[in-house]
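Tertiary structure, described
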Amino acid sequence: MAVPPTKLEEVHAHAPGYAHEPSQAEPGQDAIDLRAYWRTILRRRWIIIPFFVATVLVTALVTLRQTKIYDATCTLIIDLSAPKVLDSEQMKDVVESGTGGYWYSKEYYETQYKVITSRAVAQRVSDKLALSTNLRFLRIDGIQDSAERERKRLKKDPAEILLDNLKVQPVKDSRVVRLRYEDPDPALAALIANTWAEAYIAENLSVKSVTTQHASDWLEQQLADLERKLDQSGKALFEFKRSHDIVATSWEDRQSMVSQRLTATNDALTKARVRKAELEARNETIAALGAALEHGDAEAASLDAVAASSVIQQLKVRYAEAQTECADLRAKYFENHPKLEACDKKVASAKKALQDEIRTTFEAARLEYKQVEQSEKNLQALLNETKRDAFSLNQYERDYLELKRAYDNNQRLYELVLKRLKDTGVTGLLQVSNVRVLDRALPAEKPVRPNVWQNLLLALLLGVIGGVGLAFGAEYLDTSITTQDQIEEKLGLTFLGLIPSIPKNAEGSPQDLFVFRQPKSPVAECVRSVRTNLLFMSPEKPLKTILITSSGPQEGKTTTAASLAATMATSGNRTLLVDADMRRPRVHRIFGASNARGLSSLIVGEGALDDAVHSTEIPNLHVLACGPVPPNPAELLHTAVFKALLSEMERKFDRVIIDSPPVGIVADAVVMATSVDGTLMVLKAGQTSRDLARRAARQLADVNARVFGAVLNDLDLENQKYGQYYYYYRYGYYYGREKGIASADAGP
């Protein structure tokens, strides 16, 4: 009893032989298949292992044959400035090392590193050690011919050799620098490293000495020129002072004197004018009061000058007493009394004396005004004279200042250059460097190159990485079809199953009936899986005619057709295997049938179908050979006779399996694909090109042929890459035997 399709699908759900759409990765499943990588490595191990062994052997051989190189390191301390033997404020070096700023220090040290690796320093080392004649250093000591050796020696450049083997290694966050030199001779390496440090110090001192000497020469030239200019400017200034009568005093003193006199005169004139204004106002008052005095007006006594006079005050008192006395007498006596007359005379005399004194005071005030007025005139004349002197002095000030400024500038420059020349002479005698040796180089006991263990370790890593890289590169460049994913994703075809490699017989030819002879083998189980997948492609309408083709020759389509036909026949279906490959027919040889009559004979009308069909040793399996090979196979297959013959086959047999030529070679398969129920493509694992298979599938699709899918043929299950396929099919085989699925494969 047949098992329901759902049960069968469940059995084959985990096997690549079951035709199903590729499923999405389950949640949590790794996107990278590490087992696939491992299988690639195992499959390509014959690329990895030779590359690994060759890499290790070549590295070991090269390492052991390399010349041993020793290094020696001399350590220096580079200060920003040399020790200050002299007062740095009084004497400055011509060559200043630095100011100590971060960026300046960085540039300074970078410059020093370039100086260390300069050709000038290298040439100093070469000259001091006579390396141009050191044959071992020049690597020409092994040349026996003296002429050739001399020619090679002349071509060698010791300075370049030195620079190629020197490394300058600054110590981070310090002023320490390591000079590391490499050479096959450890003693010579140490000697060169120490000599290099000395040469660098000597180069620094030489630069300082040469620069100082050049500066001294230039300063001497400038000093002589300044001395001549100073003498000329001094003479010009003296002549100017002599011609303007300012030899006794300086120009500045004379300017100061005139300025002081001008200021004093101006101040005195201002005071005189103020006093004149005051007296002028007072005189106007005096003139007004003079008339009042003539009439006996007492207001004249209110003038400040009058009120301030003690004589006038006494006269006023006497005049007032006389008036008081007369007033008393008038009260006692009548007019014309002698005493009264005498008293009146006394009052008149006192008044006259007071008026005379007031007039005298008025005259004194007028005289004072005249004196102030005359003083103003004199001061104005003096001020005008002083201004004339000042204008006369200013007229020559510009010339004087230019001469004086030129003289002072020459004097100042002369003194500055003279002092700098003396400082340069003193500092040039100092041989003090800002570089000192911290540790001298010592001959090394062990070579730094080659490092055997390090090189071997690198060779191991390179061998493994390179070998694996080559393996994956070869895998990437391999365009053949090898997996189910490639069939489904690259070709867009349904994967119907795989057929393992069939063992060859003793003669080395394929065992086309291996499935029939070994029904319990994994190959037979795989073919049965393909048959089951084919039958369930159309469960409602039984498939009658199935075309078997491939994209190219030698892909196993005929063996696959014979195996599939045998499997269908053993399941109880009356099956006809038709050899439609009219280019290279082979079915008749598989079953030992005659090829005198066959498909080509029937198409041209020679004989009947029943007479041309041959029975085989396999029950229910019949064979229709190709017949005589025609010159135009594609034209025969285009005829209506072929279609009628195909319909007759469908009526007389349950299954018709047609072996056709490859799609990519001729058009026969494309022609027949339009007349059958469907086409099965056979792809040979590791041989069929993806591009060729894609073109074949596109050719079938262009004629609207139904393609059931593809079978991956001749798969080596012993290969690690296909190990999981073998596991699944072995599992499916035993499961089928236990549950009776083999009988279910009989199908409709």
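Residues numbered from 1 in each chain as written. Predicted model: local features only at pLDDT ≥ 70, side-chain atom pairs only at ≥ 80, totals over all residues. Heavy atoms only, no water.

Regarding a nonpolar patch on the surface
Side chains of Leu457, Leu458, Leu460, Leu461, Val464 and Ile465 sit close together on the surface and give an oily, nonpolar patch of about 550 Å² of accessible area. Locating Leu457 in the fold gives a position in helix 14 (residues 452-477). (Patch = residues over 30% accessible without salt bridge, like charges linked within 9 Å, V, L, I, M, F, W, Y side chains within 5 Å. Areas by Shrake-Rupley, 256 points an atom, 1.4 Å probe, with all protein chains shown as cover. Salt bridge = Lys/Arg side-chain N within 4 Å of Asp/Glu carboxyl O. Helix = DSSP H or I, 4+ residues; strand = E, 2+ residues; numbered from the N terminus.)

A few points about helix 3 (residues 45-65)
Along its 21 residues, helix 3 runs 30 Å from first to last C-alpha, staying within 8% of the 30 Å computed at 1.5 Å per residue. For helix 3, the complete set of buried residues consists of Ile48, Thr55, Val56, Thr59 and Thr63. Angularly, the buried residues of helix 3 cover 90° about the axis, an arc narrow enough to put them on a single face. Looking at helix 3, the residues exposed on the side facing more than 90 degrees away from the buried face are Trp46, Leu57, Leu61, Leu64 and Arg65. Check the buried side of helix 3 and you find it contacts helix 2 (34-43) and helix 14. (Expected span 1.5 Å × (residues − 1). Buried < 20%, exposed > 50% of the residue type's maximum accessible area, 1.4 Å probe, protein only. Arc of directions from axis to C-beta. Contact = heavy atoms within 4.5 Å.)

Examining the nonpolar core
Nonpolar side chains in soluble globular proteins tend to be buried together. Of all hydrophobic cores here, the largest spans 47 residues; its most connected members are Leu599, Leu624, Met649, Ile658, Leu683 and Leu712. Element by element, the count of residues in this core is highest for helix 24 (residues 668-673), at five residues. Once residues lying within four places of it in the same chain are set aside, the contact partners of Leu712 are Ile481, Thr482, Thr483, Ile487, Phe495, Gly497, Leu498, Ile499, Leu683 and Ala685. The next biggest cluster of nonpolar side chains, apart from the first, holds 36 residues, and it includes Leu80, Ala189, Ile192 and Ala199. (Core = buried A, V, L, I, M, F, W, Y, C linked by side-chain atoms within 4.5 Å.)

A short note on the packing of aromatic side chains
Within the structure shown, the criterion is met by two aromatic pairs. Taking the centre distance of 5.6 Å and the plane angle of 85° together, the rings of Tyr37 and Phe472 count as edge-to-face. With Tyr37 in helix 2 and Phe472 in helix 14, the pair connects residues that are 435 residues apart, well separated along the chain. Tyr37 sits in the partly exposed class, given a relative accessible area of 41%. A ring pair is formed by Tyr108 and Tyr109, whose centres lie 5.5 Å apart and whose planes are at 75°; its orientation type is edge-to-face. An identical accessibility class is assigned to Tyr108 and Tyr109; each is buried. (Phe/Tyr/Trp six-rings, centres within 6.5 Å; stacked < 30°, edge-to-face > 60°.)

Digging into the sheet that holds strand 4 (residues 435-439)
Taken together, the four strands give an open sheet; going across it, the order is 2-3-1-4, and neighbouring strands pair in antiparallel fashion. Strand pairing shows two members of the sheet lacking a second neighbour, strand 2 (166-170) and strand 4, which therefore form its edges. Neighbouring strand axes in the sheet, compared pairwise and without regard to direction, differ in orientation by 30° on average. Summarising the sheet, strand 1 (residues 70-78) and strand 3 (residues 176-183) pair through eight bridges and their orientation is antiparallel. Looking at the pairing, Asp71 lines up with Glu182 of strand 3. (Pairing = 2+ DSSP bridges. Axes fitted to C-alpha atoms, helices over the stretch in contact; angles between N-to-C directions.)

A closer look at the pairing of strand 3
Among the eight residues of strand 3, seven are classified as buried, and the element is accordingly described as predominantly covered. Pairing geometry for strand 2 and strand 3, over five bridges, is antiparallel. Paired with Leu166 across the strands is Tyr181, a residue of strand 3. Hairpin geometry of strand 2 and strand 3 is characterised by an intervening segment of five residues between the two adjacent antiparallel strands and by a positive phi of about 60° at Asp173.

What about the pattern of salt bridges?
Close approach of charged atoms lets side chains of opposite charge pair. For the structure shown, the criterion picks out 28 salt bridges. For Lys684, the salt bridge goes to Asp714, with nearest N and O atoms at 3.5 Å. Residue Lys684 is found in strand 11 (residues 678-684), and its partner Asp714 is found in strand 12 (residues 707-715); the two are separated by 30 residues along the sequence. The class of Asp714 is partly exposed, set by a relative accessible area of 27%.

Things to note about the confidence of the model for the chain
A low pLDDT means the predicted coordinates there should not be read in detail. For the chain, per-residue confidence averages 77 on the pLDDT scale, and residues scoring 70 or more make up 77% of the total. Confidence drops under pLDDT 50 across residues 85-91; counting only partners more than four residues distant or on other chains, this segment forms 10 contacts. Residue range residues 728-748 is modelled with pLDDT below 50. Its contacts to residues more than four positions away, or to other chains, number 44 contacts. (pLDDT = per-residue confidence, 0-100.)

Overview of the sheet that holds strand 9 (residues 621-624)
If you walk across this open sheet you meet the eight strands as 5-12-11-6-10-7-9-8, and the pairing is mixed. Strand pairing shows two members of the sheet lacking a second neighbour, strand 5 (495-500) and strand 8 (613-615), which therefore form its edges. Across the sheet, the mean angle from the axis of one strand to that of its neighbour is 25°, orientation sign disregarded. Across the sheet, helix 15 (residues 484-491) touches strand 5, strand 11 and strand 12, and the angle it forms with strand 5 is around 145°. In this fold helix 17 (residues 522-535) packs onto strand 5, strand 6 (545-550), strand 10 (655-659), strand 11 and strand 12, with an angle of close to 165° to the strand it touches most, strand 5.

A few points about the environment of Leu442
If you trace the backbone, Leu442 turns up in the loop between strand 4 and helix 14. Separated by 248 residues in the primary sequence, Leu442 and Asn194 have C-alpha atoms spaced 8.9 Å apart. Ignoring anything within four residues of it in the chain, the contact list for Leu442 reads Ala72 and Ala190.

Topic: the environment of Ile116
Mapped onto the secondary structure, Ile116 falls in helix 4 (residues 102-116). Taking the relative accessible area as the measure of exposure, Ile116 reaches 0% and is therefore buried. With 85 residues separating them in the primary sequence, Ile116 and Ile201 have C-alpha atoms 9.3 Å apart. Non-local contacts of Ile116, meaning those with residues more than four positions away in its chain, are made with Ile78, Val121, Leu166, Val168, Val177, Leu179, Trp196 and Tyr200.

Re the packing of helix 3 against helix 14
Contact pair helix 3 / helix 14: the axes reach a minimum separation of 8 Å and the direction vectors enclose 155°. Comparing their axes, helix 14 and helix 3 come out roughly antiparallel. Considering how the two elements wind past one another, helix 3 and helix 14 form a crossing that is right-handed. Of the residues that constitute the contact of helix 3 with helix 14, the class distribution is 16 nonpolar, seven polar and no charged. (Parallel < 35°, antiparallel > 145°, perpendicular 65-115°, else oblique. Left-handed = near helix turned anticlockwise from the far one by under 90°. Nonpolar A, V, L, I, M, F, W, Y, C, P; charged D, E, K, R; others polar.)

Quick look at the side chain of Asp183
Following the sequence through the fold, Asp183 ends up in strand 3. Residue classification places Asp183 among the buried positions, given a relative accessible area of 2%. In terms of polar contacts, Asp183 uses its side chain to reach the backbone amide nitrogen of Asp185, at 2.9 Å. (Polar contact = N/O pair within 3.5 Å; in protein donor to acceptor, adjacent residues only side chain to side chain.)

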